Amino acid sequence: MKNLILTHILANTGKGGKQLAVLIDPDSISDEAMLVNTCKMSTAAGADLILVGGSLITNGFFERCISIIKEQTDIPVILFPGNIMQIDEHADSILFLSLISGRNPDMLIGKHVLAAPMLKKSQLEVIPTGYMLIDGGNITSVSYMSNTTPIPADKSSIAACTALAGEMLGLRTIYMDAGSGAKQPIPEKLIREVKQHISIPLFVGGGIRTPEAAKAAAQAGADIVVVGNAIEKDPSLIAKLVDAVKS
Ligand code: 1GP
């Protein structure tokens, strides 16, 4: 299986480079023009990655969403699936998420057994990822839908040991998420402690709404800062977020 995107992420992380990932939730796209605009803005701003996924897709726009993104931009498209229905081989790769902050066996391995044969047949690059939910001050869709309890935001050592165990199990990246629309983004102290314990790339997202918050996450140790909601509301923010993360 090709490893182009992970290799690129590792090369960047190895040099201390920071990346911005634009998260597109197909369920939040009200019209195709809006999606085309987000792709154009992402390309012009130099965003590094586009993640596609959501807790629930009710508008049937998943496959079409990916094909529009692929038509509009050369930025790598990574699936960030909320469930096993969100697999489309027109994307470039998939974060194969094991929800290691939770104790729901279905999210740790169960869904993966169902998805594995589909992924094996596809051309998608599979990136094994330890997915960790951190409490962002409100109950988010992902915590409700996954039936798991997030790690408390002031328990940095639990987060650090969880990420370390994920790396020891062979996972290739860690994604720490306060959940889409979190009241509070993940505290810098927690990001810093997790980063000190692992050597694999670290995605951080959830509740990041401003260039300042994106910069703070990157400086604390996030290798890839993920922003969704704020960009949906104002795509012109992408350029400022890219500048902030890379500055
Ligand atoms: C959610 O980490 C992502 O899974 C992004 O969150 O939509 O709050 O930016 P936001």
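These figures come from a predicted structure and were not determined experimentally.

**Student:** What's the story with the sheet that holds strand β1 (residues 19-24) in this structure? I'm lost.
**Tutor:** Ordered by their spatial adjacency, 8 strands build a closed barrel running β1-β2-β3-β4-β5-β6-β7-β8, and the pairing between neighbours is parallel. Averaged over neighbouring strand pairs, the angle between their axes works out to 30 degrees when direction is ignored. Alignment of strand β2 (residues 49-52) against strand β3 (residues 77-79), held across 3 bridges, turns out to be parallel. Each residue of the ladder has a partner; that of L51, found in β3, is I78. Where helix α7 (residues 188-197) meets the sheet, it contacts β6 (173-177) and β7 (202-205), and its direction lies at approximately 165 degrees from that of β7. Here helix α10 (residues 237-246) sits on the sheet and contacts β1 and β8 (224-227); the angle it forms with β1, its principal contact strand, is near 145 degrees.

**Student:** Help me out: how do you make sense of empty space enclosed by the protein in this one?
**Tutor:** A water-sized probe rolled over the atoms picks out the places where empty space is left. Considering all chains together, one arrives at 2 cavities of 30 Å³ or more under this definition. Lining the largest cavity we find V22, L23, I24, D25, I29, M34, T38, G228, I231 and E232. If you list the elements that add at least two residues to the lining of the largest cavity, you get β1, α2 (32-45) and α9 (229-233). Among the elements that take part in the lining of the largest cavity, β1 stands out by supplying 3 residues, more than any other. Here the residues of the lining of the largest cavity sort into 6 nonpolar, 2 polar and 2 charged. For the second largest cavity, the full set of lining residues is L133, I134, D135, G136, N138, T140, V142, S143, P150, A178 and G179. Of the residues assigned to the lining of the second largest cavity, the class counts are 5 nonpolar, 5 polar and 1 charged.

**Student:** When you look at the site of the ligand in this model, what are you seeing that I'm missing?
**Tutor:** Around the ligand lies a shell of 13 residues, among which D177, S180, G181, G207 and G228 are the nearest. One of the backbone N or O atoms of G228 is found 2.8 Å from an oxygen atom in the ligand. One nitrogen or oxygen atom from the main chain of N229 is found 2.9 Å from an oxygen atom belonging to the ligand. When the ligand is considered free in solution it has 310 Å² of accessible area, and contact with the protein chains removes 96% of it. Comparing atom positions with the cavity grids shows the ligand to sit within the largest pocket.

**Student:** Whenever I open this one, the packing of aromatic side chains confuses me. Can you help?
**Tutor:** Two descriptors summarise a pair of aromatic rings, namely the distance from one centre to the other and the angle between the planes of the rings. A complete count under the given rule lists 4 aromatic pairs for this structure. Plain terms: the ring middles of F80 and Y131 are 5.7 Å apart, the flat faces sit at 85 degrees to each other, and that makes the pair edge-to-face. A residue pair is termed long-range when its members are at least 10 positions apart, and F80 in the loop between β3 and β4 (93-99) and Y131 in strand β5 (residues 125-133) qualify at 51 residues. The two residues F80 and Y131 agree in class, both being buried. Note on Y175 and F203: the rings are 5.4 Å apart at their centroids and 5 degrees apart in plane angle, and the pair reads as stacked. One end of the pair, Y175, is in strand β6; the other, F203, is in strand β7, with 28 residues separating them in the sequence. Following the ring pairs from residue to residue traces out a cluster consisting of F80, Y131, Y175 and F203.

Parameters and conventions
Residues numbered from 1 in each chain as written. Predicted model: local features only at pLDDT ≥ 70, side-chain atom pairs only at ≥ 80, totals over all residues. Heavy atoms only, no water. Pairing = 2+ DSSP bridges. Helix = DSSP H or I, 4+ residues; strand = E, 2+ residues; numbered from the N terminus. Axes fitted to C-alpha atoms, helices over the stretch in contact; angles between N-to-C directions. Contact = heavy atoms within 4.5 Å. 1 Å grid on protein atoms, 1.4 Å probe; cavity = no way out; pocket = protein on both sides within 12 Å on 5 of 7 lines; lining within 4 Å. Points joined across faces, edges and corners; volume = space filled by probe spheres on them. Nonpolar A, V, L, I, M, F, W, Y, C, P; charged D, E, K, R; others polar. Near = heavy atom within 4 Å. Polar contact = N/O pair within 3.5 Å; in protein donor to acceptor, adjacent residues only side chain to side chain. Areas by Shrake-Rupley, 256 points an atom, 1.4 Å probe, with all protein chains shown as cover. Sits in = over half its atoms within 2 Å of the grid points. Phe/Tyr/Trp six-rings, centres within 6.5 Å; stacked < 30°, edge-to-face > 60°. Buried < 20%, exposed > 50% of the residue type's maximum accessible area, 1.4 Å probe, protein only.

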